[in-house]
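# Structure assessment
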Amino acid sequence: RRSIRYKAMLRLLSLTLLAIAAAVIVNLALLTLVARPLNTLATTVKQVADGQFGIQVGRFTSRELQQLANAVNSMSSELAEVEERRIQQMTKAREIQEHLLPGEANIPGMSVDVIFSPTEDVGGDYYDFIELPGGSWLICIADVTGHGVPAAMEAAILKTILLQAVEHCVSPSDILTFINHRFEKISLPEYFASMFIARWQPSSKRFEYASAGHEPGFLLDPNQHNVQELTATGLFLGIDPSDTWDTESFHVLNGSRLLLVTDGASQMCNEDNQMFGLTRLRQLFVDSSGNSSDRVVGRIHEELQVYSHSQAVDDD
């Protein structure tokens, strides 16, 4: 009996050791043949999802896994080709939008500096300087709802209608009325725009403006003591074709400064989701007014970048 029990125990121990060895071998085989390749495939798919288009997976010994790898490689290559075409198209769209914007503005009696920074390749913010009959100049800044390609297309529509408007009228309020009547018919119902239109007459130093719901402008006198706020004189464009706007008019003293922005500046948020705000923007404008106009604009841009801590900007 002892001999039988002893032999039975040895046999049981041998079978247990064999089972453990077999389990280890199977696990190693699965790790080599399945787990590691699957982990490689999963990592590659995640890299593609993160935008690393074109990345490829190496070869596997398993036919089934190699078929899966080939499918992943094909998907990655096709996405890379699509992304390359998208980049080319968006680059061309950016060039077209930049072509719609004015070049260097040589406006008599006025120096102009601009920063245009769309949040995507193209944007819905728009500005323009147009010489009018009689030696006066039109100054325009506008902001279409949204951003990206749809907003850029709406901004291009605004540019086209504005060029048509200045052939028929010169008063800022009349120009806004002309634009609104046509923009409301052409644009999609969910799109509207704010626009600040000013007419500058260098000979008489007369400045008149009308604002369709746009961000207030700030006019600083030469002594840097008084800041006049140029507020909206009516509603947004594209809401009601019968809307009208009032024109405000005044004389500008030599050495005055004018700051015009879109809401992408005043509504720039920090990491706590707090807006930069018009009050802070106004004070920054006053504090930096002793510098040249290009340095004033540069400082405002730098302060906005610092305030946002270089976070992703969601507005033009």
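Model, not experiment: these values are computed from the prediction.

## What to know about the sheet that holds strand β2 (residues 137–144)
With respect to topology, 5 strands assemble into an open sheet ordered β1-β2-β3-β4-β7, the strand pairing being antiparallel. Looking along the sheet, the strands with just one partner apiece sit at the ends: β1 (125–131) and β7 (248–251). The mean inter-strand angle of the sheet, taken between neighbouring strand axes irrespective of direction, is 15°. Summarising the sheet, strand β3 (residues 193–201) and strand β4 (residues 206–212) pair through 7 bridges and their orientation is antiparallel. Each bridged residue has a counterpart across the sheet, and for tryptophan 200 the counterpart in β4 is phenylalanine 207.

## Observations regarding the environment of threonine 244
Assignment of secondary structure puts threonine 244 in the loop between β6 (227–230) and β7. For the pair threonine 244 and threonine 233, spaced 11 residues apart in sequence, the C-alpha separation works out to 8.9 Å.

## So, the packing of aromatic side chains
What the rule picks out here adds up to 6 aromatic pairs. A centroid spacing of 5.1 Å and a plane angle of 55° characterise the contact between phenylalanine 192 and phenylalanine 236, whose relative ring orientation is tilted. With phenylalanine 192 in the loop between α4 (172–186) and β3 and phenylalanine 236 in the loop between β6 and β7, this residue pair connects regions lying 44 residues apart in the sequence. Judged by relative accessible area, which is 30%, phenylalanine 236 ranks as partly exposed. Ring geometry for phenylalanine 196 against tyrosine 209: centres 5.1 Å apart, planes inclined by 10°, an arrangement best described as stacked. Of this pair, phenylalanine 196 sits in strand β3 while tyrosine 209 sits in strand β4, and the two are 13 residues apart along the sequence. Each member of the pair, phenylalanine 196 together with tyrosine 209, is buried. Its guanidinium or amino end placed over the ring of phenylalanine 178, arginine 182 lies 3.5 Å from that ring's centre, counting from NZ or CZ.

## Considering the layout of surface pockets
Here the largest pocket is characterised by a volume of approximately 1,300 Å³. If you go around the largest pocket, you meet 48 residues; those closest to its centre are Asp113, Leu258, Leu259, Leu260 and Val297. The dominant element in the lining of the largest pocket, judged by the number of residues it contributes, is helix α7 (residues 293–308), at 7 residues. Looking at side-chain class alone, the lining of the largest pocket contains 29 nonpolar, 13 polar and 6 charged residues.

Conventions and cut-offs
- Residues numbered from 1 in each chain as written.
- Predicted model: local features only at pLDDT ≥ 70, side-chain atom pairs only at ≥ 80, totals over all residues.
- Heavy atoms only, no water.
- Pairing = 2+ DSSP bridges.
- Helix = DSSP H or I, 4+ residues; strand = E, 2+ residues; numbered from the N terminus.
- Axes fitted to C-alpha atoms, helices over the stretch in contact; angles between N-to-C directions.
- Phe/Tyr/Trp six-rings, centres within 6.5 Å; stacked < 30°, edge-to-face > 60°.
- Buried < 20%, exposed > 50% of the residue type's maximum accessible area, 1.4 Å probe, protein only.
- Lys NZ or Arg CZ within 6 Å of the ring centre and 35° of its normal.
- 1 Å grid on protein atoms, 1.4 Å probe; cavity = no way out; pocket = protein on both sides within 12 Å on 5 of 7 lines; lining within 4 Å.
- Points joined across faces, edges and corners; volume = space filled by probe spheres on them.
- Nonpolar A, V, L, I, M, F, W, Y, C, P; charged D, E, K, R; others polar.

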